[in-house]
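The primary structure of each chain is shown beneath.
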Amino acid sequence: MVEPTIYELSSPGRQGVRLPECDVPTTELPAELVRNDLPFPELSEVDVVRHFTRLSHLNYAIDLGMYPLGSCTMKYNPRVNEEAARLPGFLHSHPLQPIETIQGNLEIMFLLQEWLKEISGFAGVSLQPAAGAQGELVGVLITRAYHNMRGDYKRNKIIIPDSAHGTNPATSSMSGFDVINVSTTSEGNVDIDALRLLCDETTAGIMLTNPNTLGLFEQNVLEVVDVVHKAGGLVYGDGANLNALLGIVRPGDLGFDIMHFNLHKTFSTPHGGGGPGCGPVGVANHLTAFLPGPIVCISEEGNNEIPPQFGFVMPEYSIGRIKSFYGHFGMMVRAFTYIAMHGKNGLPKVAEYAVLNANYLLSKIKHVYKLAYDRICMHEFVVQGCWENVPEIRALDIAKRLMDYNLHPPTNYFPLIVHEALMIEPTETESKQSLDMYADALLRIAEEAKSNPEILKSAPHHTPVRRLDEVKAARDLVLCCWQPDNF
Amino acid sequence: MFAPHTQSEIEEMLKSIGVKSVSDLFVDIPDRYRYPSLNLPDAMTEMEIMAEMDYLAQSNDSTKNLVCFLGAGAYNHFIPAAVNAIIQRGEFFTAYTPYQPEISQGTLQAIFEYQSLISSLTGMDISNASHYDGATASAEAVIMAYHNFRGKRSKVILSPSIHPQYRQVIRTYTQGYNNFYLVGDHDGTADPFNNPFDLVPLIDQNTALVLLQYPDFLGRIFDFSSIVTKAHESGALVAIICNPIALGILHPPGDYGADIAVGEGQPLGLSLSFGGPYLGFFATKRELVRKISGRLVGETIDNDGKRAYVLTLTAREQHIRREKATSNICTNQGLMALASTVYMCLLGKQGLKQVANLCFQKAHFAAQKINSLPGFSVCSSAPFFNEFVVCCPQPVDEINAQLLEKGIIGGYNLEKDFPGLKNNMLIAVTEMNSREEIDLLCHALEEITHG
């Protein structure tokens, strides 16, 4: 059954919500300003609710099962977060209300800034960036502003390991830098000798994901930081993989200068089918003045009788505003709730269980799936989805076949440096039982690859739709619903 | 804690891995930095944290317990219950970006329908799957124009009556672009009351983009056709930042010939939520589709010939093109786009017109009443939609402090952004403001200034 579009469901004259009559004397709207027609569908509330409920049934989601997308940290999204963010005092506050009416919001933001600083070992945090990629943009613009402030205008290169997320090079070029790649060694670390040769007086900094996208902790991390610092560059940490490090080690302590957080990965705010995220940025002491703002401060200290008053401040040499208002406040409430529920002893457990789960799942399948770099992994690992004796089978086929087992596939074809990569991140919220189920499915699929490769090539078989014609989508480029003639 | 591990399971798992303890898994981390002591509170239970959050939420005032005449980029509109019921379905909010289309058709079809509705609303050919908010969508329009001319046109003209925060975000986004100039608003110091047609002489062969707002930050409506014509004569693009509710009754940017329409989607069924998460919409002409940043959902068929949807033209995006991508955007505002889609479907052709008309009528009623109060006058004679500027007899912050005592959130103090606009208040009126509330505001203003 194909679900009709909202235009196909439309029936002229229907309306899903009634509005009150106008209770004031009316003014004529100048005719030359009025639009001719609004080609919108007409639906009842029942039509709308059923349509979107039926659509929801076509989705896989964390609420339905394991969703081990590498580098995406698809952990369970606690319902308490949702309830907290929907409290009327938060949900219905206007961003420009008088400061004395929003002290509850500001207290949450202030404490979240403080907690993120403590978790990461940084001296300052701005909550404003909307998502990880925007946090990166902030980080690279801070790098630029820092060098420019020192009159050091030659630094036009950002070094990026070949295992990095695509957002790193895209961000660097958006910020006016040239991208220089540094290779990865056979142990899965940054090639430190190559890095030494690349670093000079034109190096603005390095963007380092740690653990990297192979799921490995950078064994030379202190040396990498040292080499870049000695050349006068800054070290940017991509915080996408912070889940592995919560309470275990603080990037600020390792010498990182800047890092973005993904509240929608590490701190359990939902991914929402592609956002909203939230990508706060933390910086070391020498960079706090460059943070985007406004950020929340204590404007009047409290005492035993009076609570402190919170306000906003713009950092002195701020790179400016990166977004309207203060960022994704609703996501901050959720992350605040999550951190408060874990506390100082619970956060390290998150990282421990995440790493335990990844290593356990790896131990169950590594005799069948080739491991690109055979080390203890952190929160995720990368295997190769191919075998020499069945050359027709690719990582994509394994991914599609997993859907027939009612499981979400891992990230595939990333990182780019691993042939036929399957990047698996189970997260800490999966039980041993669900990991066993996932391992069993992967092992059965490996058997099927040999005994019945066609069943993989033609997978998935039991999903709402089968493999799609992506070439047709790009060639014909239909980006809007077909509208019936009467529109 | 949401990890389900029991002690015996942990032991079995460690055995399978071949290590003795969990700490053995962290040997790659430099010893001296491992397990720092964290200065954080102790863990709270769900019961305890909800009591704490209740307390914090109640220490705010909000548009639920106060009468609101504040807009300036975020608006208090009615949100039908079905909107939040749909976006709170776990199948939607706990899903990832739909990279695996076979098991993401719900998200994909909803985005496809969102793209269709935004295209219809703005009068443009195509829409992307969303940006972070109106400000960043505007910045992406500037960057798209820059790339459209391969960096050969270095001037972007910003109307001074664009939302000041949007202009700030554009300046932040473009600071890495060399030989690129933002003109028209004198680094933010130009008088926003300037007529937008004064920008025309700035348009030349070096202009990549003219960026306008509609209604503008002061609420005014202009027919931009002649500016668009002038810009096109010089080969420049025009982007119009628009309020989506206003487009329920006003000509859409497409009618004026705009090349790009962007805006803040919050008025379309999204809660105020202290400024976010909101929704940036971005629509453009078909011939610019390959220059657009962000995700696009396209229609296709599956192996059985069944209609289906998939992310398309991904070769523009960062995960494929890396440093040559059109933008670094990855995660966007999927769930907010869904909320706005449900909202637009519920209101439909007639409902959105009705909401827009209610906003227009109530704002005009309020403006007439305030204009008749001694000492107050509506500052501009230009047509407006649901926001207007009032010249007050005393500083806006003083008035607002007293309005607050009477349970009213007053309008926006324009002096914060424009030092020249002393005593100027930007008032927003929506369908949520009853006639009684408007009367209450007028009485309060009268009392404050003559009490």
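In this text, all values refer to a predicted model and were calculated from it rather than measured experimentally.

Caption draft 1: Up close: the overall build of chain B. Within chain B, the regular secondary structure consists of 12 helices and 15 strands. Its C-alpha atoms give chain B principal-axis dimensions of roughly 80 × 55 × 50 Å. The burial tally for chain B puts 61% of its 451 residues in the buried class. Summarising the internal contacts of chain B: among those between residues at least 6 apart in sequence, 73% fall at separations of at least 24.

Caption draft 2: Representation of the overall build of chain A. Each helix and strand counted, chain A has 15 helices and 13 strands in total. Expected size for 487 residues packed as a compact globule is a radius of gyration near 23 Å; at 25 Å, chain A falls within 12% of this value. Taken across its 487 residues, chain A has 61% of its residues classed as buried. Across chain A, contacts joining residues at least 24 apart in sequence account for 74% of those joining residues at least 6 apart.

Caption draft 3: Here's a closer look at helix α7 (residues 167–174) of chain A. Residue and element names in this part refer to chain A. With respect to burial, α7 is a largely interior element, eight of its eight residues being buried. For α7, the complete set of buried residues consists of Thr167, Asn168, Pro169, Ala170, Thr171, Ser172, Ser173 and Met174. One or two residues past the end of α7 sits Gly176, with phi positive at roughly 85°.

Caption draft 4: Here's a closer look at the packing of helix α2 (residues 45–56) of chain A against helix α10 (residues 334–371) of chain B. At a closest axis distance of 9 Å, the pairing of α2 of chain A and α10 of chain B adopts a crossing angle of 155°. Here α2 of chain A is positioned roughly antiparallel relative to α10 of chain B, judged by the angle of their axes. The handedness of the crossing between α2 of chain A and α10 of chain B comes out as right-handed. Together, Glu45, Val48 and Phe52 of chain A of α2 of chain A and Val342, Cys345 and Leu346 of chain B of α10 of chain B make up the contact between the two elements. Class assignment of the residues belonging to the contact of α2 of chain A with α10 of chain B gives a composition of five nonpolar, no polar and one charged.

Caption draft 5: Inspection of the nonpolar core at higher detail. Met332 of chain A together with Leu209, Val210, Leu211, Ile240 and Val342 of chain B are the most contacted members of the largest nonpolar core, which totals 314 residues. Those residues within four positions of Val342 of chain B in sequence are excluded, and the remaining contacts are Val48 and Phe52 of chain A together with Ala82, Val83, Ile86 and Gly269 of chain B.

Caption draft 6: Representation of the confidence of the model for chain B in the model. Taken over all residues, the pLDDT of chain B has a mean of 96, while the share at 70 or more is 100%. At the level of chain-chain contacts, confidence expressed as ipTM amounts to 0.98, with global pTM at 0.98.

Caption draft 7: Spatial organisation of the sheet that holds strand β15 (residues 424–428) of chain B. All names here are of chain B. Read across the sheet, four strands follow the order β11-β12-β15-β14 without closing on themselves; strand pairing throughout is antiparallel. This sheet does not close on itself; its edge strands, each paired only once, are β11 (377–378) and β14 (412–413). As judged from the five bridges shared by strand β12 (residues 387–391) and β15, these two strands associate in the antiparallel manner. Note on β15: the bridge partner recorded for Cys391 is Asn424.

Caption draft 8: Summary view of the environment of Phe90 of chain A. In this structure, Phe90 of chain A sits in helix α4 (residues 88–91). The buried category is assigned to Phe90 of chain A, around which 26 C-beta atoms lie within 10 Å. Counting along the chain gives 243 residues from Phe90 of chain A to Val333 of chain A, while the straight-line C-alpha distance between them is 8.5 Å. Sequence-distant contacts of Phe90 of chain A, defined by excluding residues within four places in its chain, comprise Ala85, Asn105 and Val333 of chain A together with Ala57, Ser273 and Phe274 of chain B.

Caption draft 9: Representation of helix α13 (residues 432–451) of chain A within the structure. The end-to-end C-alpha distance of α13 of chain A is 28 Å, a good match for the 28 Å that 20 residues give at a rise of 1.5 Å each. What α13 of chain A keeps buried is the set Lys432, Leu435, Tyr438, Ala439, Leu442, Ile445, Ala446, Glu448 and Ala449 of chain A. Where α13 of chain A is buried, its residues contact α11 (329–365), α12 (395–404) and α14 (453–457) of chain A together with α1 (7–17) of chain B.

Caption draft 10: Spotlight on the sheet that holds strand β3 (residues 155–158) of chain B. Residue and element names in this part refer to chain B. With mixed pairing, seven strands are arranged side by side in an open sheet as β2-β8-β7-β6-β5-β3-β4. Two strands close off the open sheet at either side, each with one partner strand: β2 (126–127) and β4 (181–183). Here β3 runs beside strand β5 (residues 207–214); their pairing, made up of four bridges, is parallel. Its bridge partner being in β5, Lys155 is matched across the sheet by Thr207.

Caption draft 11: Representation of the pairing of strand β5 (residues 234–238) of chain A within the structure. All names here are of chain A. Taken across its five residues, β5 has five buried, putting it largely inside the fold. Burial along β5 is two-sided: Leu234, Tyr236 and Asp238 facing one way and Val235 and Gly237 facing the other are all buried. Of the pairings in the sheet, the one linking strand β4 (residues 203–209) to β5 comprises five bridges and is parallel in character. Paired with Gly205 across the strands is Leu234, a residue of β5. In this fold, β4 hands off to helix α9 (residues 221–230), which returns the chain to β5; that crossover is right-handed. Strand direction decides the pairing type here: β5 and strand β6 (residues 258–260), joined by three bridges, are parallel. Bridged to Tyr236 within β6 is Ile258.

Caption draft 12: Quick peek at the environment of Leu396 of chain A. All names here are of chain A. Structurally, Leu396 can be placed in helix α12. What makes Leu396 partly exposed here is the crowd of 18 C-beta atoms within 10 Å. Along the primary structure Leu396 and Ala421 are separated by 25 residues, whereas in three dimensions their C-alpha atoms are 9.2 Å apart.

Caption draft 13: Representation of the interface of chain A and chain B in the model. With 171 residues of chain A at the interface, the matching set in chain B holds 169 residues. The element best represented in the side of chain A that touches chain B is α11 of chain A, accounting for 23 residues.

Caption draft 14: Looking closely at the domain arrangement of chain B. All names here are of chain B. The assigned domain composition of chain B is domain 1 (67–78 + 349–450) and domain 2 (81–343). Taken together, the contact between domain 1 and domain 2 spans 25 residues of the former and 23 residues of the latter. At the level of elements, α10 and β12 are the ones that each hand at least two residues to the side of domain 1 that touches domain 2. No other element matches the seven residues that α10 contributes to the side of domain 1 that touches domain 2. Along the lines of polarity and charge, the residues of the side of domain 1 that touches domain 2 split into 15 nonpolar, seven polar and three charged.

Caption draft 15: Looking closely at unusual backbone geometry. With an omega of -5°, the peptide bond running from Asn210 of chain A to Pro211 of chain A counts as cis. With respect to the helices, strands and loops of the structure, Pro211 of chain A is situated in the loop between β4 and α9. Put simply, Gly275 of chain A and Pro276 of chain A share a cis peptide bond, and its omega is 5°. Residue position: Pro276 of chain A is located in the loop between β6 and β7 (281–283). Notably, Ser130 of chain B is not glycine yet its phi reads approximately 130°, a positive angle. Of note, Ser130 of chain B is situated in the loop between β2 and α6 (134–148).

What counts, and at which threshold
Here the residue index of a chain counts from 1 through its sequence in written order. Written order determines the labels here, with chains lettered from A and ligands numbered from 1. Residue-level local features of this predicted model are given only where pLDDT is at least 70; pairs of side-chain atoms are given and counted only at 80 or more, and the full residue set underlies all totals for whole chains, interfaces and linings. For the purposes of this entry, the term helix denotes a DSSP run of H or I that reaches at least four residues, the term strand denotes a run of E that reaches at least two, and both are numbered from the N terminus. Burial is judged by counting the other C-beta atoms within 10 Å of a residue's own C-beta: 20 or more makes it buried, 12 or fewer makes it exposed, and any count in between marks it as partly exposed, with every C-beta position built from the backbone. We call two residues in contact if the C-beta atoms placed from their backbones are at most 7 Å apart. Within these notes, the globule rule equals 2.2 Å times the number of residues to the 0.38 power, and the radius of gyration is based on C-alpha atoms. Angular values range over 0 to 180 degrees, each being the angle between N-to-C directions of two axes fitted as lines to C-alpha atoms, with helices fitted over their stretch in contact. Any angle from 65 to 115 degrees is called roughly perpendicular, while one under 35 is roughly parallel, one over 145 is roughly antiparallel, and all others are oblique. Each helix crossing is assigned a hand: it is left-handed if the near helix lies turned anticlockwise from the far helix by less than a right angle, otherwise right-handed if that turn is clockwise. Basically, the charged four are Asp, Glu, Lys and Arg, the nonpolar ten are Ala, Val, Leu, Ile, Met, Phe, Trp, Tyr, Cys and Pro, and anything else, Gly included, counts as polar. As used throughout, a nonpolar core is a set of buried Ala, Val, Leu, Ile, Met, Phe, Trp, Tyr and Cys residues joined through C-beta atoms within 7 Å of each other. The pLDDT value expresses, per residue, how confident the predictor is, ranging between 0 and 100. Two strands qualify as a pair provided that DSSP identifies no fewer than 2 bridges between them. In a helix, the anticipated span is given by 1.5 Å times the number of residues less one. Viewed with both strands pointing away, a crossover whose connecting path from the first strand over the helix to the second turns clockwise is right-handed. Reported domain spans reflect what an automatic or database domain assignment gives.

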